Number of protein chains: 2
Amino acid sequence: MDYIISDKMKNLKPSAIREIFKYAADPAVISFAGGNPAPESLPVDDLRRFMSKTLEENPVQALLYSQSEGHPPLRAEVRRFIKDAYDIGGDKDELMIVSGAQQCMDLVTRCLCNEGDTVICEDPSFIGSLNCFRSYNVSLKGVPIEDDGINLALLEKAITESRNVRFMYLIPNFQNPTGITMSIQKRKAVLALSKKYSVPIVEDNPYGDLRFIGEDIPSIKSMDEDGLVIYAGSFSKILSTGIRCGYLLAPAQIFPSLVVAKQCADVHTGMLQQLLCLAFLQNGDLLGHARMNKFVYADKCGLMLKLMDESFPKSVTYTRPKGGLFIWATMPDAFDGAEFALRLVRDYKVCVVPGSTFSVNEGERSSSFRLNFSMPNEAQVKTGIEACAKLLREMGVS
Amino acid sequence: MDYIISDKMKNLKPSAIREIFKYAADPAVISFAGGNPAPESLPVDDLRRFMSKTLEENPVQALLYSQSEGHPPLRAEVRRFIKDAYDIGGDKDELMIVSGAQQCMDLVTRCLCNEGDTVICEDPSFIGSLNCFRSYNVSLKGVPIEDDGINLALLEKAITESRNVRFMYLIPNFQNPTGITMSIQKRKAVLALSKKYSVPIVEDNPYGDLRFIGEDIPSIKSMDEDGLVIYAGSFSKILSTGIRCGYLLAPAQIFPSLVVAKQCADVHTGMLQQLLCLAFLQNGDLLGHARMNKFVYADKCGLMLKLMDESFPKSVTYTRPKGGLFIWATMPDAFDGAEFALRLVRDYKVCVVPGSTFSVNEGERSSSFRLNFSMPNEAQVKTGIEACAKLLREMGVS
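Predicted model, so just to flag it, every value in this text is computed and none were measured. (Residues numbered from 1 in each chain as written. Chains lettered and ligands numbered in written order. Predicted model: local features only at pLDDT ≥ 70, side-chain atom pairs only at ≥ 80, totals over all residues. Heavy atoms only, no water.)

> How would you summarise the overall build of chain A if you had to cite specific residues and measurements?
A tally of helices and strands in chain A yields 13 helices and 14 strands. Since a compact globule built from 398 residues should have a radius of gyration of about 21 Å, the 21 Å found for chain A is in line with a globular shape. Expressed along its principal axes, the backbone C-alpha trace of chain A runs to roughly 60 × 55 × 50 Å. The burial tally for chain A puts 66% of its 398 residues in the buried class. The long-range fraction of contacts in chain A, counting pairs at least 24 apart against all pairs at least 6 apart in sequence, stands at 77%. (Helix = DSSP H or I, 4+ residues; strand = E, 2+ residues; numbered from the N terminus. Rg over C-alpha atoms; globule rule 2.2 N^0.38 Å. Buried < 20%, exposed > 50% of the residue type's maximum accessible area, 1.4 Å probe, protein only. Contact = heavy atoms within 4.5 Å.)

Written out as structure tokens, the structure is:
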């Protein structure tokens, strides 16, 4: 039997990160490739305690079907939490519990895009979301990202010149892969463009709670009075990435379609993770925990940047993130990030992700690579950055 | 902001079952509408114990990202289990852990279907799968189901006369909604048609372990030597529906695409449920547990059928399932299952699912309704069937 793969899937490559993840499973490899929070930041004891308590008190509830929108007490608790903590989620919005924030992209694209429609993205952007959009055969239009966020003039040009723009996808806080944060001015300007051209914004905010320098900047959603913003939130980076539990906050008008899409996708999010999140929100201290994590992340990011400052050739530039998980390093144009990443894992057993992975235009060469600072320990950061510096010089970067 | 819903989603209605589920949340309502296993059949104590043990031993592993294909030890354990228990899963197949068997339909449709392609289904069939196919804008072609499974002549006609048939979707064991089991002869014939016309089979087998009368019939997958069958399996009906954990067994050729689709959909299935299933497979007795459940299900189904035999008007026919969760009742043509279901919940606070819900052609009238016998207790079955009988006579069914 020869299977014929659908047009939308036949050219899609596996995410390079997921593939590199396999190398990284080799204990001899130092990985700067992942996107996990710092293992030492996870509230393991709390989670263990809450899970036991939940299964003690509500075993059958945990094991039977629930509603596609999410377990009602968790939905209520999340709404309360995000209203208090982030000032989002009013009367005009509905909230759904999803199987990780990635699923928001899946449901939103299914509900808003026909094949051939355009989705506008920061370029570079998160490969998981880009591939999700591609899997619906939409046309992706990339807009370059600058030190304070997306280029506004090129964004407006993209909106006006692209065919059937259905939404713009933005990661305003500590963007993946660049670590860049969008300024408050640009957030307001982007919202104004959204309103002017009736192009919704999908705001992906997985890293918002991971700020370790400076003050929080309000989310675009918190400034949205016109139902322009669909917001994807997650407790992944605070509680756990592995449990796969996030939420989607969307204007009431499109919510029924999103619920049907959720039914089609996986019926509802697993009850174990929903009840665990509920117990944590009711009995734990999510923001307090996030605040304590700041020191862990500040130290880890600071160490990596310090070592890069000391050892990297001067022509290599890199971002200095104020939060999140990633540093984005760029070699001079003549050098190839994919070659660098390949030689680094092959010759030095250190993993980074080549910049081309995140290009909106597939196959586009990139002289950048992404470094994760949250996962490795101090010794690994030292050895790994030393290897990077050595390879950069070997390749002739000066 | 006025949102425009995509062509594929704009006409999709929420699953009537999911909607009725909301009525059923009212404790005063007796529900014959759900699709949960018998609550008393769930291995609550085992699951509680295994979950605690898992979080004791592997807390960090449970909380970090894993591979899209599934947690490797669980994949290995499931392969071993299905080889031993069902004789499926050889060298030519790959196995993926998915977020419930529903997700198999999502991933397979994404990978195999372009918009407008045809998927052939038993008619009636499971609304969750039908809606999933519809959410990819495929054209559904229904083939009537008979007492021993799908009508073969009409199946062949559908294959030869429909445009771009990409797969046929079959639930051979205790089909949802009819409770019908496909005979071994028909399984062989269907496989022969699949081979003759190079049309793959998606075999959905959520209820296979819930047989309480007679001998198991080999799955179509177990007879497949040509990579024709994609098999969707689940522990939902034995361990838990609420945890959302199933598996997909597919020919190696299409597996890479399915993995990419999984990355796009939700990155990977949650680790809590994966580790729980792993612990159960390693330390529990899945088949032993399933065998013990047989008595529970046989009693429950037997009681409902006995009461229907005693009280239903003679013109109402119904299936006598040998396993699974559902009985399918059919009134004479002149009567409407939707009217019956509506009046039943409104006037008698008893929920059944109208047959039209499962029609492959949306909006098609049906004189049938689906009854679930696994969830209600004895008193509820008595009260509920009495209400059904009373309403049938009220409506003039004789």
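> Hey, could you go over the relation of the copies chain A and chain B for me, with residue numbers and the actual values?
The two copies are related by a screw motion: chain A maps onto chain B through a turn of 180 degrees and a shift of 0.0 Å along the axis, at an RMSD of 0.0 Å. Expressed as a symmetry operation, the mapping of one chain copy onto the other fits a two-fold axis. Of every C-alpha in chain A, the one belonging to S52(A) sits nearest the axis of rotation, 3.0 Å from it. Mapped onto chain B, 100% of the interface residues of chain A again fall at the interface, so both copies present the same surface. (Least-squares fit on C-alpha atoms with pLDDT ≥ 70 in both.)

> Account for the state of the cysteines, with residues named and values stated.
All names here are of chain B. Evaluated as defined, the whole model comprises 0 disulfides over all chains. Lacking any disulfide linkage, C121 is separated from the closest cysteine sulfur, that of C113, by 10.0 Å. With relative accessibility at 0%, the residue C121 sits in the buried group. Not engaged in a disulfide, the cysteine C277 finds its nearest cysteine sulfur in C245; these two sulfurs lie 3.8 Å apart. By relative accessible area, which is 1% here, C277 ends up buried. (Disulfide = S-S within 2.5 Å.)

> Mind laying out the environment of L281(B), listing which residues take part and the relevant values?
Residues and elements named next belong to chain B. Its place among the elements puts L281 in helix 11 (residues 271-283). Residue classification places L281 among the buried positions, given a relative accessible area of 10%. Expressed as a C-alpha distance, the spacing of L281 and M105, which sit 176 residues apart in the sequence, is 24 Å. Not counting the four nearest positions on each side in its chain, L281 is found in contact with L74, E77, V78, R80, F81, F235 and L286.

> So what about unusual backbone geometry? Which residues, and what values?
Of note, the bond from D123(A) into P124(A) is cis; its omega dihedral lies within 30 degrees of zero at 5 degrees. Position of P124(A) relative to the elements: it lies in the loop between strand 3 (118-123) and helix 6 (127-134). The step from N176(B) to P177(B) runs through a cis peptide bond, and the omega angle for that step is 20 degrees. The residue P177(B) is located in the loop between strand 6 (165-170) and helix 9 (184-197) in this model. The phi torsion at K349(B) lies on the positive side, around 55 degrees, for a residue other than glycine.

> Describe the pairing of strand 8 (residues 229-234) of chain A, with residues and values.
Residue and element names in this part refer to chain A. The buried count for strand 8 comes to 6 of 6 residues, which makes it a mostly enclosed element. Residues of strand 8 alternate between two faces, with V229, Y231 and G233 on one and I230, A232 and S234 on the opposite face, all of them buried. Pairing of strand 7 (residues 201-204) with strand 8, which is carried by 4 bridges, proceeds in the parallel orientation. Residue pairing for strand 8: V202 is matched across the bridge by I230. Here strand 8 pairs with strand 9 (residues 246-251) via 4 bridges, running antiparallel. The residue of strand 9 that forms the bridge with G233 is Y247. (Pairing = 2+ DSSP bridges.)

> Describe the pattern of salt bridges, and please don't skip the residues or the numbers.
All names here are of chain B. Tallying each qualifying case throughout the model produces 58 salt bridges over all chains. A salt bridge links E94 to R75, with the nearest nitrogen and oxygen atoms 3.6 Å apart. Taken together, the residues E94 in strand 2 (residues 93-98) and R75 in helix 5 (residues 72-86) connect sequence positions 19 residues apart. Residue classification places R75 among the buried residues on the basis of a relative accessible area of 18%. (Salt bridge = Lys/Arg side-chain N within 4 Å of Asp/Glu carboxyl O.)

> Lay out the confidence of the model for chain A in plain terms, naming residues and giving numbers.
Per-residue confidence for chain A averages 93 on the pLDDT scale, and 97% of its residues sit at or above 70. With a pTM of 0.95, the predicted complex shows an ipTM of 0.94. (pLDDT = per-residue confidence, 0-100.)

> Lay out the interface of chain A and chain B with the relevant residues and their values.
Taken residue by residue, the interface counts 87 residues in chain A and 87 residues in chain B. Contact with chain B buries area across many residues of chain A, yet Y3(A), L63(A) and Y65(A) alone supply 12% of it, more than any other trio. The interface formed by chain A and chain B contains 4 salt bridges. Where chain A meets chain B, there are 44 residue pairs in polar contact (both at pLDDT 80 or more). Of all the secondary structure elements, the ones that give two or more residues to the side of chain A that touches chain B are helix 1 (16-24), helix 2 (44-57), helix 3 (59-63), helix 5 (102-112), helix 6, strand 8, helix 9 (255-266) and helix 10 (271-283) of chain A. A per-class count over the side of chain A that touches chain B returns 43 nonpolar, 26 polar and 18 charged. (Buried area = accessible area lost by both parts, 1.4 Å probe. Polar contact = N/O pair within 3.5 Å; in protein donor to acceptor, adjacent residues only side chain to side chain. Nonpolar A, V, L, I, M, F, W, Y, C, P; charged D, E, K, R; others polar.)

> Let's hear about the sheet that holds strand 10 (residues 317-318) of chain A: which residues, and what values?
Residues and elements named next belong to chain A. Taking strand neighbours across the sheet as the criterion, the 4 strands line up as 10-11-14-13 in an open arrangement whose pairing is antiparallel. This sheet does not close on itself; its edge strands, each paired only once, are strand 10 and strand 13 (353-354). As defined by bridge partners, strand 13 adjoins strand 14 (residues 368-372) across 2 bridges and the pair is classed as antiparallel. For V353, the partnering residue across the bridge sits in strand 14 and is R370. Across the sheet, helix 11 (residues 286-311) touches strand 10, strand 11 (326-330) and strand 14, and the angle it forms with strand 11 is around 15 degrees. (Axes fitted to C-alpha atoms, helices over the stretch in contact; angles between N-to-C directions.)

> With reference to specific residues and values, describe the sheet that holds strand 5 (residues 149-150) of chain B.
Adjacent strands of a sheet form backbone hydrogen bonds with each other and so pair up, either parallel or antiparallel. Residue and element names in this part refer to chain B. In space, the 8 strands of this open sheet follow the order 2-9-8-7-6-3-4-5, with mixed pairing throughout. Each having just a single partner strand, strand 2 and strand 5 make up the two edges of the open sheet. Here strand 3 (residues 118-123) pairs with strand 4 (residues 139-146) via 6 bridges, running parallel. Note on strand 4: the bridge partner recorded for D123 is P144.

> Could you give an account of the side chain of K300(B), with specific residues and numbers?
Tracing the chain through its elements places K300(B) in helix 12 (residues 286-311). Not counting chain neighbours up to four residues away, the residues in contact with K300(B) comprise A38(B), P39(B), E40(B), F373(B), S374(B), M375(B) and P376(B).

> Break down the nonpolar core for me, citing the residues and quoting the values.
Core analysis: the largest hydrophobic core is formed by 228 residues, its most contacted members being F312(A), F340(A), L371(A), F312(B), F340(B) and L371(B). Not counting residues up to four positions away in its chain, the partners in contact with F340(A) are M331(A), V352(A), F369(A), C388(A), L391(A), L392(A) and M395(A). Grouped together as the second largest cluster of nonpolar side chains are 19 residues, M182(A), I220(A), L228(A) and V229(A) included. (Core = buried A, V, L, I, M, F, W, Y, C linked by side-chain atoms within 4.5 Å.)

> Kindly report on helix 2 of chain A, identifying the contributing residues and their values.
Along its 14 residues, helix 2 of chain A runs 20 Å from first to last C-alpha, staying within 8% of the 20 Å computed at 1.5 Å per residue. Within the sequence span of helix 2 of chain A, burial applies to V44(A), L47(A), R48(A), F50(A), M51(A), T54(A) and L55(A). Check the buried side of helix 2 of chain A and you find it contacts helix 3 and helix 10 of chain A together with helix 3 (44-57), helix 4 (59-63) and helix 11 of chain B. (Expected span 1.5 Å × (residues − 1).)

> Quick one: what's the story with the packing of aromatic side chains, residue by residue and with numbers?
If you walk through the whole model with that rule in mind, you get 25 aromatic pairs over all chains. Taking the centre distance of 6.0 Å and the plane angle of 80 degrees together, the rings of F212(A) and F373(A) count as edge-to-face. Here the residue F212(A) occupies a position in the loop between strand 7 and strand 8, and F373(A) occupies one in the loop between strand 14 and helix 13 (378-394), the gap between them amounting to 161 residues. Just as F212(A) is buried, F373(A) falls in that class too. Taking 5.4 Å as the distance between ring centres and 45 degrees as the angle between the ring planes, the aromatic pair formed by F235(B) and Y247(B) counts as tilted. Here F235(B) is found in the loop between strand 8 (229-234) and strand 9 (246-251), whereas its partner Y247(B) is found in strand 9, with 12 residues between them in sequence. Accessibility classification places F235(B) together with Y247(B) in one group, the buried group. Members of the aromatic cluster, each reached through a chain of ring pairs, are F81(A), Y86(A), Y231(A), F235(A) and Y247(A). Its guanidinium or amino end placed over the ring of F326(A), R370(A) lies 3.8 Å from that ring's centre, counting from NZ or CZ. (Phe/Tyr/Trp six-rings, centres within 6.5 Å; stacked < 30°, edge-to-face > 60°. Lys NZ or Arg CZ within 6 Å of the ring centre and 35° of its normal.)

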